[in-house]
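# A look at the structure
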Amino acid sequence: MDPSIVWLRRDLRLHDNVALFEACRRDARVCLAFVLDPSLLRSERVGAPIVQAFFDALAALRANLRELGSDLALLEGDFATELSRLARRIGAREVFYNEDYEPEAIARDASVTAALEQEGVVMHASLDHVYFGADEIQLDGGQPYKVFTPFKRRWIERRHPLPRPPVPSAQLAKGCLLSAESIGTTRGVPRPEDFGHRSSARFPHVSEKRARALLGTFLRSGGAVERYEVERNFPANDGTSHLSPHLRAGTIGIRECFERAFERRDESRGHVRASVEAWIGELIWREFYQMILARFPHVATEPFLPAAARIPWRSSEEDFAAWCAGRTGYPLIDAAMRQLNECGWMHNRLRMLVASFLTKDLLLDWRRGERYFEEHLADADVAQNNGGWQWAASTGTDAAPYFRIFNPMRQSAIFDPSGTFIRQHVPELRKLPDAHIHRPSTAPPLLLAEAGIEIGRTYPAPIVDHAVARVRALDAFAPVLRAAKPRETMRAKKRPGV
Ligand SMILES: Cc1cc2nc3c(=O)[nH]c(=O)nc-3n(C[C@H](O)[C@H](O)[C@H](O)COP(=O)(O)OP(=O)(O)OC[C@H]3O[C@@H](n4cnc5c(N)ncnc54)[C@H](O)[C@@H]3O)c2cc1C
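Please read these numbers as outputs of a predicted model, since none were measured by experiment.

### Quick notes on the overall build of the protein chain
- Within the protein chain, the secondary structure is distributed over 24 helices and five strands.
- Taking 23 Å as the expected radius of gyration for a compact globule of 498 residues, we find that the protein chain reaches 24 Å, a close match to that expectation.
- Judged by the C-alpha coordinates and their principal axes, the protein chain covers about 80 × 55 × 45 Å.
- The buried share of the protein chain, taken over its 498 residues, is 47%.

The following block contains the structure:
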């Protein structure tokens, strides 16, 4: 039988990869291919952390394939041209791939499919990126859910049986992979610098091996999942799994995360069980936002709530630049933005907090923040990023009610009480006593002098007064959202951990 191609995109792993499983089920050899798109890699929308994450994952995948006597066909250029050239070279007549839910990816897949099918290549799409497809969990009448809690309930009810079995990589070693000689030489894995990006040892390290180690450590007995319900809210305590860049590049599969988490839940009791359930709930938020993007694709560019298009956003380049640089004068906001800029990742509570600050305190359009995150996160993902931003801006489905506005100083005192996280990322405040770390501008001048801080020079004065900004935000949001969608916004659930 002719060999086939598995076209990898956001599924850079061998274990539990549905397209690979489907290809291996046929009695033919399989070549794994990835196409680098130079114009996307050079575009402003793709940031250094995610480029590095993907290149790391590709290098690790190639090493794994070589150990199994095969190789990764790494191509560069136009998707359809490169895949059809590879198909002709190795004599493949079928291409397997996993579906993507992002609008641009859907358009790309449609055009590649049309082009390859014209050449007689059969394309097979599989569901891999989410546990359930966008129309598998819906209301009885076929309408999509718009509220998370009933979606979650239905999701959990429908979970069994596992829709697609995991494929152990041992099976691949048994011989479904095309040999390295038959694939021939393809391009080397580039460095981020080759496409104009910087690399950094502080960005997340992404590979299949690392993903599985992270999942194992997180879920094991005594692991962070046991304290997740509480600890996930404290950025200094590092109580989350750090799997998001892996779920983005697909170095771990979502089925494996769910299955292992449910196993862990079933053997747990009391607060540990509640904690595992809280983690499962977050994985289901991911499914929820993927479903929302697929069923309401307008959210990629517009607010979910049509009325929210009338929110009178400000446009202040100065405020936006201060937010981006972590120089707002609000220490936890600044620490969070500097964590993002330096590490390519940000803690969830801080994402909620900085998003609220941008959209409420600064009254700047959520799309600006969404775009900035997209360019700076190693886990940047349209569905979750958009869902998170629209939640914080009160423009989304099941979003934060517009009148619930985070107080950045109170949040800081609750979730970073002794300023440990702030001190890690805002070194100029390191010497300030705990009592003033959340609000340096009001510290006594003598203390500031002793800590080597000069407000307005070594550390900025607050760029807005939160109390004043809160009233400004309420004045802007209330006429639009209260009048237009009272039930949808008032009913909105409190987000876990808020
Ligand atoms: C404004 C904003 C923007 C965000 N942008 C992204 C993004 O681009 N990519 C992204 O993966 N997540 C995004 N999130 C969700 C969340 O912040 C991250 O998934 C989480 O911080 C990743 O850390 P972790 O893997 O340690 O999470 P854990 O707490 O260990 O959670 C496990 C997994 O569950 C999923 N998850 C957790 N929280 C959420 C959530 N609130 N919504 C949806 N899925 C969730 C993620 O896949 C995560 O890896 C955003 C949240 C907000 C508020």
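### So, helix α19 (residues 408-415)
- For α19, every residue scored as buried is listed here: P408, Q411 and S412. Along the axis of α19, the buried positions cluster into a sector of 100°, meaning they face one direction only.

### Focus: unusual backbone geometry
- The backbone of H242 sits at a positive phi, close to 60°, despite the residue not being glycine.
- Turning to its location among the elements, H242 is positioned in the loop between α10 (228-231) and α11 (244-249).
- Notably, L363 is not glycine yet its phi reads approximately 55°, a positive angle.
- Topologically, L363 is positioned in the loop between α16 (348-361) and α17 (366-376).

### A word on the domain arrangement of the protein chain
- Here the domain parsing of the protein chain yields domain 1 (1-128), domain 2 (130-163 + 208-295) and domain 3 (306-484).
- Taking only C-alpha atoms into account, the centre of domain 1 sits 39 Å from that of domain 3.
- Counting from both sides, the interface comprises eight residues of domain 1 and, opposite them, nine residues of domain 3.
- Grouping the amino acids of the side of domain 1 that touches domain 3 by side-chain chemistry returns four nonpolar, one polar and three charged.

### Quick look at the environment of E375
- Along the chain, the position of E375 falls in helix α17.
- Note on E375: 18 C-beta atoms within 10 Å, which makes it partly exposed.
- Counting along the chain gives 364 residues from E375 to D11, while the straight-line C-alpha distance between them is 20 Å.
- When near neighbours in sequence (up to four residues on either side) are disregarded, E375 contacts E44, R45 and G47.

### Here we look at the sheet that holds strand β3 (residues 72-76)
- Read across the open sheet, the five strands follow the order β3-β2-β1-β4-β5; overall the sheet is parallel. The sheet is open, and its two edges are formed by β3 and β5 (122-126), each paired on a single side. Each strand of the sheet is rotated relative to its neighbour by a mean of 30°, with strand direction disregarded.
- Across five bridges, the pairing between strand β1 (residues 4-8) and strand β2 (residues 30-36) is parallel. The residue of β2 that forms the bridge with W7 is A33.
- Contacts from helix α1 (residues 18-25) reach β1, β2, β4 (94-98) and β5 within the one sheet, and its direction differs from that of β4 by about 150°.
- On the sheet, helix α3 (residues 48-67) packs against β2 and β3 and is oriented at approximately 145° with respect to β3.

### So, the pairing of β3
- The buried fraction of β3 is high, at four of five residues.
- Both β2 and β3 contribute to a ladder of five bridges, which runs parallel. Across the sheet, residue L32 finds its bridge partner in β3, namely L72.

### Topic: the site of the ligand
- Looking at the ligand, there are 28 residues lining it, with T240, S241, N348, N385 and G388 nearest.
- Sorting elements by how many residues they give to the shell around the ligand places helix α18 (residues 382-392) first, with six residues.
- Two domains each provide a minimum of three residues to the shell around the ligand, namely domain 2 (130-163 + 208-295) and domain 3 (306-484).

### Quick look at the packing of helix α6 (residues 148-157) against helix α13 (residues 270-295)
- Axis separation between α6 and α13 bottoms out at 10 Å; the angle between their running directions is 105°. In terms of orientation, α6 and α13 fall into the roughly perpendicular class. In this structure, α6 uses F148, F151, K152 and W155 to contact α13, whose residues at the interface are G281, I284, W285, E287 and F288.
- Of the residues in the contact of α6 with α13, the class split is six nonpolar, one polar and two charged.

### Overview of the nonpolar core
- With 141 residues, the main nonpolar core has I5, V6, V30, A33, L83 and A336 as its most contacted residues.
- Leaving out residues up to four positions away in the same chain, V6 has contacts with A19, L20, A23, V30, L32, A33 and F96.

### Quick notes on the environment of D361
- With respect to the secondary-structure elements, D361 resides in helix α16.
- Each C-alpha atom, one on D361 and one on N407, is 9.2 Å from the other, the two residues being 46 residues apart in sequence.
- Apart from residues lying up to four places away in sequence, D361 is in contact with V464, H466 and A469.

### Considerations on the confidence of the model for the protein chain
- Here the protein chain averages 94 in pLDDT, and 94% of its residues register 70 or above.
- Counting contacts from residues 486-498, a segment whose pLDDT is below 50, to residues more than four positions away or on other chains yields 20 contacts.

### Side note on the environment of L377
- Considering the arrangement of structural elements, one finds L377 in the loop between α17 and α18.
- Taking the number of C-beta atoms within 10 Å as the measure of exposure, L377 has 25 and is therefore buried.
- For the pair L377 and A335, spaced 42 residues apart in sequence, the C-alpha separation works out to 15 Å.
- L377 has contacts with P49, I50, G344 and W345, leaving out every residue within four places of it along the chain.

### Remarks on the pairing of β1
- The buried count for β1 comes to five of five residues, which makes it a mostly enclosed element.
- Side chains of β1 alternate between two faces, with S4, V6 and L8 and I5 and W7 buried alike.
- In this fold, the crossover linking β1 to β2 by way of α1 has right-handed handedness.
- Of the strand pairs in this sheet, β1 and β4 are connected by four bridges, and their pairing is parallel. Residue pairing for β4: I5 is matched across the bridge by V95.

So, how was this worked out
Residues numbered from 1 in each chain as written. Predicted model: local features only at pLDDT ≥ 70, side-chain atom pairs only at ≥ 80, totals over all residues. Helix = DSSP H or I, 4+ residues; strand = E, 2+ residues; numbered from the N terminus. Rg over C-alpha atoms; globule rule 2.2 N^0.38 Å. Buried ≥ 20, exposed ≤ 12 C-beta atoms within 10 Å, placed from the backbone. Arc of directions from axis to C-beta. Domains from an automatic or database assignment. Contact = placed C-beta atoms within 7 Å. Nonpolar A, V, L, I, M, F, W, Y, C, P; charged D, E, K, R; others polar. Pairing = 2+ DSSP bridges. Axes fitted to C-alpha atoms, helices over the stretch in contact; angles between N-to-C directions. Near = placed C-beta within 6 Å. Parallel < 35°, antiparallel > 145°, perpendicular 65-115°, else oblique. Core = buried A, V, L, I, M, F, W, Y, C linked by C-beta atoms within 7 Å. pLDDT = per-residue confidence, 0-100. Right-handed = clockwise from strand over helix to strand, strands pointing away.

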